[in-house]
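# Secondary and tertiary structure notes
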Amino acid sequence: MQTRRQMLFTVGLSAAGALLVGCNLLNDGKPAAPVRRKAPPAGTPLGDFVAIGRDGSVRLFAKNPEIGQGSKTLLPMLIAEELDVAWDAVFVEFAAVDAKRFGPQFAGGSMMTPMNWEPMRQVGAAARALLVSAAAGRLKVEPSTLRTEAGHVIDASGKKIPYGELVAEAAKLPPPDVKSLTLKPKSAYRILGKPKAGVDTDAIVHGDPLFGIDTEVEGLRYAVYVKAPVYGAPLVSADLAAAKAMPGVEEVFALEGVAPPKDGQIGLAPGLAPGVAIVGRNWWQVNRAREALNAKWADGFGAQHDTGIYAARAAELLKGRGKPHERIGNVDAALGQAARTVVAVYDAPFIPHLTLEPQNCTARPTAKGLEIWAPTQFPQDGQAVVAQTLGLKPDQVTVHMRRCGGGFGRRIMNDYMVEAAAIARHVKGPVKLLWSREDDVAFDYFRPGNTHRLRAGIDADGKVIAYDVHGVSYSRGGKLVDGGELFLNAQPPFLVPNYRLEKSLIETIVPTGWVRAPISNTLSFVHECFWDELAAAAGKDPLAFRLEHMKARFDSPVSKPGPEGAPFDVRRMAAVLELVGKRSGWGAAKRPAGTGMGIATYFSHLGYFAEVAQVKVAADGAWRVEKVWVVGDCGSIILNPSGANAQVQGAVLDGISQLRQEIRFEKGRAVQTNFDAVPMLRHSAAPEVDVHFHLTDHPPTGLGEPALPPIIPAVVNAVYDATGARVRTLPLTAERIQAARTTRAA
Amino acid sequence: MVKLLVNGTLREVDVPGEMPLLWVLRDEIGLKGTKFGCGIAQCGACTVHVGGQPVRSCSTPVSSVGDKPVVTIEGLSALEPGSAIQEAWAKLDVAQCGYCQAGQMMSAAGLLAATPKPSDAEILAAMDGNLCRCATYPRIRAAIRLAAGLDSDGREG
Ligand code: FES
Ligand code: FES
């Protein structure tokens, strides 16, 4: 254990923002900790993404935000592969936020891989071509006689020239035509396909200040922004003087709200909610000063916005018809011919994001306008939204990306960036705004809930011939809310010849948005659980039942494109389904009483996933997932197996966590406020997750999200297998399981 | 004035005694490695060692520290299992976003200092107060076993 050993610690911040720690320990003869790697010299740029030092060091710029999905490692891996440098020689930095140089910069939709797989390799290949040309010029040979390896150009005789010696000449050459570049075949890869640890690993294990919340600038002060818990409610009164009198507080002031632009989406163009800013020398003191504020808000309009009222409204809407939305074949006729009909109502709640790093942002007024450091998934949107809301031009606002302590879709919205910017402008000095956890829950853009009434017709052979859906979602100001779509990338419309979707909407004031695998994370539950009911009604095994319906479609695929514009390939799904059955021992193993296995598939974010969950349910309804098997098809190569595996495990465990969560609303405000009231998956409830990738001949696709949707229905279906209890309402609580057992017994 | 011994260095800070150690470390001393997640001892992101014991610094008034030495993630290398934990974390590429990991590693260091060869159940008991929103739990457990010399294959689960 730590004793009072003598230690000498030197900590310094480099110009580049990378923390360098030299550590000298006089610790009872124990070896001193290794000296940490330093940032290399700036190097000579070869384009916007690559700089090479005379010493051969390679600096690569990662263009997209890092939220834990591994972009800051994977994007440079793609460049480094084609640049042909040793991965150990690479030092990675975030790129500047600049659409002109770096194109779209965002983290969302599991789009990093599909959008960057080709362009980032081209970036590396272009820089390599310049180095080869420079060497050819120097050696007076044709470039085609040269090859490259690990940061060297090598001529026909085997003579090696390090990139560092060529970069100055290479930088003077015109950039090559993209069409002239030949990319490596997969068989030649030295970096891609090999597990690589995250590039910030060393900094993370030493506690370096990488995250948004860690941002330091000269003269920084700290701020909280107190808002009405009912979104957008104006301030009636507040005791600004009392808050100002609290220790450590320097400034207290109210800010008028700025309405979002009329046609703007509430989340993406948030405006500025009215509130009171408290600014001072440390965050704890300014946060404590809230108590003295005694703020009153004109929030009566929240009264009708209540989880109970929404539920009653949904039930009423489901008695009638919805607005026609999608339709294939003739559902009514098919239902008339069905041997049996199954009807069920499914209900999914609102849930929060809860990034572990609460929302925060540092802003500093400059001569030009504003400089901002933010943990954000959409830095370019943030720049635009700050400018739009505060009446600046976008080029007056500079945004720097900081590592994000989780994203999950929350940081697509840049509301906290606008708040920090407005406060910094008001106090005319640098400010770090940090939300308390209570702020973070209350002012989330929640995953909206939904309620579905499903009706299916099965023929005498056990084939589903009709699938009728009436879904209730939410609107805000008459428009469908963000994240509230009910479109079906779920399977039934791809598998059933007669299908209809009708939609109804409940007006809400609750801000909503996209939570990891948005839309799919409720629709998978609704449709894959109902599909399980249909298998049971047809007297068939759930895996065999799904496979039969898929195989029937092998030669007559439905032409409706999937949500990301890609057609759903039923053969790819059938393959992962069969494989997960084999890997999990589906149908073979005898399960002890109270233990069940459930299966589900889902296609989202271009990925095909099939999952099996083994769940134990106690006599009192308490449940735990014991093991999960995952098979995914994300194309021809898993670019970083370490990161890919982590994303799949993380998504599956996130889904298991979501199964227990619900945010309820009373009088327009969120009832739960912190981690003591929102159940979060912890170590003791996290099962082993067996991950297998089924490689197919398709371009690689993203992995942050597609493994999440199937786990939710797989667990619920496993509870049915274990107990006979069909739970159709989330969260999956012991009480609901017990109630469903009783219903079944009755 | 409050005197604190942090990572072997004596610090004097002018703060109220009830101010939580977390905010003294972050905003007064400038050690940003210790993280804020909830402020109510529910997530473990703020875990540091005080007098050799892992504590939640968000709920530890600075006045209660006294002359007990404080060790944060920035000082982890100097602790007995510290470097082994850092190496295991790096080798198994544990971090996703990385935000919880300082707290996870400080809890793991407390566990291994008290129980050098923990059972799986002891690992769960010691670590259950540390949330990982990215759910890196299987790798954290594997890294603890690796650091303890219990497992070299990186078995996750
Ligand atoms: S911040 Fe201390 S336990 Fe969460
Ligand atoms: S790695 Fe993201 S919270 Fe643990």
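An account of the accompanying structure is given in this report.

Residues and elements named next belong to chain A. Under the definition given, this model contains 51 salt bridges over all chains. Across the salt bridge formed by aspartate 633 and arginine 572, the nearest N and O atoms sit 2.8 Å from each other. Here arginine 572 lies in helix H16 (residues 570-584) and aspartate 633 lies in strand S27 (residues 623-633), a separation of 61 residues in the sequence. Note on aspartate 633: relative accessible area 0%, which makes it buried. Judged by its relative accessible area of 12%, arginine 572 falls in the buried class. Connected through salt bridges with shared partners, the residues Arg321, Asp332, Arg455, Asp468, Arg500 and Glu502 form a single ionic network.

A few words on the environment of glutamate 528 of chain A. Residue and element names in this part refer to chain A. With respect to the helices and strands, the residue glutamate 528 is situated in helix H14 (residues 520-537). Since its relative accessible area comes to 2%, glutamate 528 is described here as buried. Here threonine 601 takes part through its backbone nitrogen, which lies 3.0 Å from a polar atom of the side chain of glutamate 528.

Residue and element names in this part refer to chain A. Given a rise of 1.5 Å per residue, 28 residues ought to cover 40 Å, and the 39 Å separating the end C-alpha atoms of helix H3 (residues 112-139) matches this to within 8%. Its maximal kink placed at glutamate 118, H3 deviates by approximately 30 degrees, while the proline proline 119 follows within four residues. Following H3 by one or two positions, lysine 140 adopts a phi angle in the positive range, close to 55 degrees.

A few words on the packing of aromatic side chains. Residue and element names in this part refer to chain A. Scanning the entire structure with this criterion turns up 21 aromatic pairs over all chains. On the basis of an interplanar angle of 80 degrees and a centroid distance of 5.4 Å, the ring pair of tyrosine 346 and phenylalanine 525 is categorised as edge-to-face. Of this pair, tyrosine 346 sits in strand S16 (residues 340-348) while phenylalanine 525 sits in helix H14, placing them 179 residues apart in sequence. Of the two residues, tyrosine 346 and phenylalanine 525, both sit in the buried class. Taken together, the aromatic side chains of Tyr346, Tyr467, Phe525, Phe530, Trp531 and Phe545 make up a single cluster linked through ring pairs. For lysine 72, the ring lying beneath its charged end belongs to phenylalanine 94, and the centroid distance is 4.4 Å. A cation sits over an aromatic face here: arginine 660 above tryptophan 623, 3.6 Å from the ring centre.

Attention now moves to the sheet that holds strand S26 (residues 607-617) of chain A. Residue and element names in this part refer to chain A. Here we have four strands laid out as an open sheet, ordered S25-S26-S27-S30, and mixed in their pairing. The sheet is open, and its two borders are formed by strand S25 (595-604) and strand S30 (688-693), each paired with just one other strand. Taking the axes of each pair of neighbouring strands and ignoring which way they run, one obtains an average angle of 15 degrees across the sheet. As defined by bridge partners, S27 adjoins S30 across six bridges and the pair is classed as parallel. Residue tryptophan 629 lies in a different strand from S30, and its bridge partner there is aspartate 690.

Strand pairing in a sheet relies on backbone hydrogen bonds, with the paired strands running either antiparallel or parallel. All names here are of chain A. On the basis of which strands lie adjacent, the open sheet formed by seven strands has the order S12-S13-S10-S20-S17-S18-S19 and mixed pairing. Each edge of the sheet is formed by a strand with only one pairing partner; in this case those strands are strand S12 (249-255) and strand S19 (397-401). Across the sheet, the mean angle from the axis of one strand to that of its neighbour is 25 degrees, orientation sign disregarded. Relative to strand S20 (residues 431-434), strand S10 (residues 221-227) runs parallel, the two sharing three bridges. Across the sheet, residue arginine 221 finds its bridge partner in S20, namely valine 431. Taken strand by strand, helix H10 (residues 379-390) contacts strand S18 (370-374) and S19, and its axis lies near 150 degrees from that of S19. Contacting S10, S12, strand S13 (275-280), strand S17 (360-365), S18, S19 and S20, helix H11 (residues 415-427) runs over the sheet at an angle of about 35 degrees to S17.

Right, let's talk about empty space enclosed by the protein for a bit. Rolled over the atoms, a probe with the dimensions of a water molecule shows which regions are left empty. All names here are of chain A. What the rule picks out here adds up to eleven cavities of 30 Å³ or more. Reported here for the largest cavity is a volume of approximately 100 Å³. In terms of lining, the largest cavity is formed by 14 residues, of which the most central are Lys227, Tyr231, Ala273, Asp415 and Glu419. Split by residue class, the lining of the largest cavity holds nine nonpolar, two polar and three charged.

About the cut-offs
- Residues numbered from 1 in each chain as written.
- Chains lettered and ligands numbered in written order.
- Predicted model: local features only at pLDDT ≥ 70, side-chain atom pairs only at ≥ 80, totals over all residues.
- Heavy atoms only, no water.
- Salt bridge = Lys/Arg side-chain N within 4 Å of Asp/Glu carboxyl O.
- Helix = DSSP H or I, 4+ residues; strand = E, 2+ residues; numbered from the N terminus.
- Buried < 20%, exposed > 50% of the residue type's maximum accessible area, 1.4 Å probe, protein only.
- Polar contact = N/O pair within 3.5 Å; in protein donor to acceptor, adjacent residues only side chain to side chain.
- Expected span 1.5 Å × (residues − 1).
- Bend = angle between axes of the 7 residues up to and from the residue.
- Phe/Tyr/Trp six-rings, centres within 6.5 Å; stacked < 30°, edge-to-face > 60°.
- Lys NZ or Arg CZ within 6 Å of the ring centre and 35° of its normal.
- Pairing = 2+ DSSP bridges.
- Axes fitted to C-alpha atoms, helices over the stretch in contact; angles between N-to-C directions.
- Contact = heavy atoms within 4.5 Å.
- 1 Å grid on protein atoms, 1.4 Å probe; cavity = no way out; pocket = protein on both sides within 12 Å on 5 of 7 lines; lining within 4 Å.
- Points joined across faces, edges and corners; volume = space filled by probe spheres on them.
- Nonpolar A, V, L, I, M, F, W, Y, C, P; charged D, E, K, R; others polar.

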